[in-house]
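# Structure at a glance
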Amino acid sequence: MTSHPRSLALAAAAAFALAGCGQQAAKPAEAPAETPAAPAAAPAPVAVAPAVDQAALKGLLSPDETLEVLTLDATGAASASGEVKGYKTTVYAVPVAQGQTLSVAFEPSNTNLYMNVVDAADTSGAAAHRGEVDGPKASIAAAKAGVYLIKPFQPRATARRGESGTFKLAVAVK
């Protein structure tokens, strides 16, 4: 049974008028409406790490530093080992998606080796983690997608003497 548009408008006006008096109007007989299907739930957004622009990153390094991009496995983990000899070292790049946490564990062979973690997009040069002050373990929550650089180093006095040491890195992005 279909209702005439004018009769529906009159019924709505009557209901409105009665509601103002504290009364409720009788509902006109209508065919039962089908309940709309619930919209399909949107899939959760997938965290996407940015691409690594190696040429741009190499421009941020000193002549004594070389770049290595760490490749994370299916669990979001990677490991590396290397050496710091004087000022020469390898800097490790890790892409991190917005909302993810970068965890780094640095295991040096001697107490004169440290690592800093730097947001490559931060042009101030400030470290997000300062190894000499903050210790050998870093945990950085990424407010935005970006690339972080893990920079092993030794203090200036030992670097000038050409001393060396080895290290191991354990990196996780979750």
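Here we summarise the structure given alongside this text. (Residues numbered from 1 in each chain as written. Predicted model: local features only at pLDDT ≥ 70, side-chain atom pairs only at ≥ 80, totals over all residues. Heavy atoms only, no water.)

## Looking at the sheet that holds strand S8 (residues 146–153)
Strand order in this open sheet of five strands is S1-S3-S8-S5-S6, and the pairing throughout is mixed. In this open sheet, the two strands that pair with only one neighbour each are strand S1 (65–69) and strand S6 (129–130). Bridge count for strand S5 (residues 114–119) against S6 is two bridges, and the pairing is antiparallel. For Val117, the partnering residue across the bridge sits in S6 and is His129. (Pairing = 2+ DSSP bridges. Helix = DSSP H or I, 4+ residues; strand = E, 2+ residues; numbered from the N terminus.)

## Focus on the sheet that holds strand S9 (residues 164–173)
Within a beta sheet, neighbouring strands are joined by backbone hydrogen bonds and run either parallel or antiparallel to one another. If you walk across this open sheet you meet the four strands as S2-S9-S4-S7, and the pairing is antiparallel. Edge strands, defined here as strands with exactly one partner in the open sheet, are strand S2 (77–85) and strand S7 (137–141). This sheet shows a mean twist of 20 degrees between the axes of neighbouring strands, independent of strand direction. Across five bridges, the pairing between strand S4 (residues 101–108) and S7 is antiparallel. Considered in S7, the bridge of Ala105 is made with Lys137. (Axes fitted to C-alpha atoms, helices over the stretch in contact; angles between N-to-C directions.)

## Details of the pattern of salt bridges
For the structure shown, the criterion picks out five salt bridges. Glu65 serves as the salt-bridge partner of Lys151, at 3.8 Å between the closest nitrogen and oxygen. Here the residue Lys151 occupies a position in strand S8, and Glu65 occupies one in strand S1, the gap between them amounting to 86 residues. A single burial state applies to Lys151 and to Glu65, both of which are buried. Ionic pairing is found between Arg161 and Glu163, a salt bridge with its closest N-O pair at 2.8 Å. Residue class for Arg161 comes out exposed when judged on its relative accessible area of 56%. For Glu163, a relative accessible area of 32% corresponds to the partly exposed category. (Salt bridge = Lys/Arg side-chain N within 4 Å of Asp/Glu carboxyl O. Buried < 20%, exposed > 50% of the residue type's maximum accessible area, 1.4 Å probe, protein only.)

## Topic: the nonpolar core
Membership of the largest hydrophobic core comes to 22 residues, with the highest contact counts inside it found for Val94, Leu102, Val104, Val117, Ile150, Leu169 and Val171. Listing elements by their share of this core, those giving two or more residues are S2, strand S3 (89–96), S4, S5, S7, S8 and S9. Sorting elements by how many residues they give to this core places S9 first, with four residues. Not counting chain neighbours up to four residues away, the residues in contact with Val104 comprise Met115, Val117, Pro136, Lys137, Ala138, Ile150, Leu169, Ala170 and Val171. Leu67, Ala93, Val147 and Leu149 belong to the second-largest nonpolar core, a separate cluster that totals seven residues. (Core = buried A, V, L, I, M, F, W, Y, C linked by side-chain atoms within 4.5 Å. Contact = heavy atoms within 4.5 Å.)

## Structural notes on the pairing of S2
Within a regular strand, side chains alternate between the sheet's two faces. By the alternation rule, side chains of S2 split into Ala78, Ala80, Gly82 and Val84, which are all buried, and Ala77, Ser79, Ser81, Glu83 and Lys85, of which none is buried. Bridging between S2 and S9 involves nine bridges; their strand directions are antiparallel. Residue pairing for S9: Lys85 is matched across the bridge by Ser164.

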